[in-house]
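# Inside the fold
This is what each chain is made of:
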Amino acid sequence: ENAAAAEALEHASKLPGSPRYLPRLVARLRSESADVEAAEIFLRQLVRDAPDEHARAEYQGALDEIEIEYRARALDRARDAFRELHGRDIEKLEDQVLGAHPVLAGLPPAEPPSLPPGLRRDSRWILDPETGEIRSTYYGRRYRVNFHPQERKRLEEWKRQRTGREDPRDAG
């Protein structure tokens, strides 16, 4: 019930003394229940209204994660286009920019745009060896609520039982 949880936690995050991590959790919950755009709008408002520079930097960090997620989703769409064009999946991310019929002119940066040059890590895009999911080595995960693998498995099973459908992230 991510949408309901996000709404309740958003109200809680405005209470005096609420934990500073709540707004970022609200954004992640929104990204799962609606879409990343809803989380981005929420975080942009938090950046604008931040009470201090520390809070503003935390919210900007969450916006940076969303930017990397947008880029990962663009790579997902390019991967789909590659499958359509070539009749097979990519073996490595560079497959999308190489060969006679590339689907991308180049890979997007795998690090946040606001990252100062001195903090760059030469991050890159990889295919997760276990899941096949595209992700940046900068964050090491996609932008969603993070659960322990056993808890995520239980949650996915519960969702399947409720809806009779697979989680779309589990497909190919």
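Higher on the page you've got the structure.
Note that residues are indexed from 1 along each chain, following the sequence as it is written. Selection of residues for local features in this predicted model requires a pLDDT of at least 70, selection of side-chain atom pairs for listing and counting requires 80 or more, and totals for whole chains, interfaces and linings are taken over all residues. The side-chain numbers reported here are obtained from all heavy atoms of the structure, hydrogens and water having been left aside.

## Focus on the packing of aromatic side chains
- Aromatic pairing here means that ring centres of Phe, Tyr or Trp (its six-membered ring) are within 6.5 Å. Orientation follows from the plane angle: under 30 degrees is stacked, over 60 is edge-to-face, and everything else is tilted. Applying the stated rule across the entire model yields 1 aromatic pair.
- With a centroid separation of 4.8 Å and 90° between ring planes, the pair formed by Tyr138 and Tyr139 is classed as edge-to-face.
- Under the scheme applied here, a residue whose accessible area is under 20% of the maximum for its type counts as buried, over 50% as exposed, and between as partly exposed, the area being computed with a 1.4 Å probe on protein chains only. The exposure class of Tyr138 is buried, given its relative accessible area of 14%.
- Its relative accessible area of 22% is what places Tyr139 among the partly exposed residues.
- Throughout this description, the term charge over a ring refers to an Arg CZ or Lys NZ atom that lies within 6 Å of the ring centre and within 35 degrees of the ring normal. The aromatic ring of Tyr138 is capped on one face by Arg121, whose charged end is 4.1 Å from the ring centroid.

## Brief notes about unusual backbone geometry
- Although it is not a glycine, Asp122 sits at a positive phi angle of roughly 55°.
- For Asp122, the position within the fold is in the loop between helix H4 (53-86) and strand E1 (125-127). Helix and strand assignments come from DSSP, with helices taken as H or I runs of at least 4 residues and strands as E runs of at least 2, each series counted from the N terminus.

## Section: the side chain of Glu111
- Tracing the sequence through the fold places Glu111 in the loop between H4 and E1.
- The term polar contact refers here to a pair of N or O atoms within 3.5 Å; inside protein, the definition further demands a hydrogen-donor-capable atom paired with an acceptor-capable atom, and it admits residues adjacent in sequence only when both atoms are side-chain atoms. In this structure the side chain of Glu111 is engaged in a polar contact, spanning 2.6 Å, whose partner is the backbone nitrogen of Arg121.
- For Glu111, the side chain forms a polar contact with the side chain of Ser123, separated by 2.9 Å.
- Here Glu111 is in contact with Ile68, Arg71, Arg120, Arg121, Asp122, Ser123 and Tyr138, once residues within four sequence places are set aside. Here, two residues are considered to be in contact whenever any of their heavy atoms come within 4.5 Å of each other.

## A word on the nonpolar core
- Core analysis: the biggest nonpolar cluster contains 13 residues, and Leu43, Leu46, Tyr59, Ile66 and Tyr143 have the highest contact counts within it.
- Secondary structure elements with two or more residues in this core: helix H3 (36-49) and H4.
- Ignoring anything within four residues of it in the chain, the contact list for Leu46 reads Pro23 and Tyr59.
- Ranked by size, the runner-up nonpolar core spans 9 residues in total, among them Ile68, Leu75, Ile90 and Ile134. The set of buried Ala, Val, Leu, Ile, Met, Phe, Trp, Tyr and Cys residues whose side-chain atoms join them within 4.5 Å is what this entry labels a nonpolar core.

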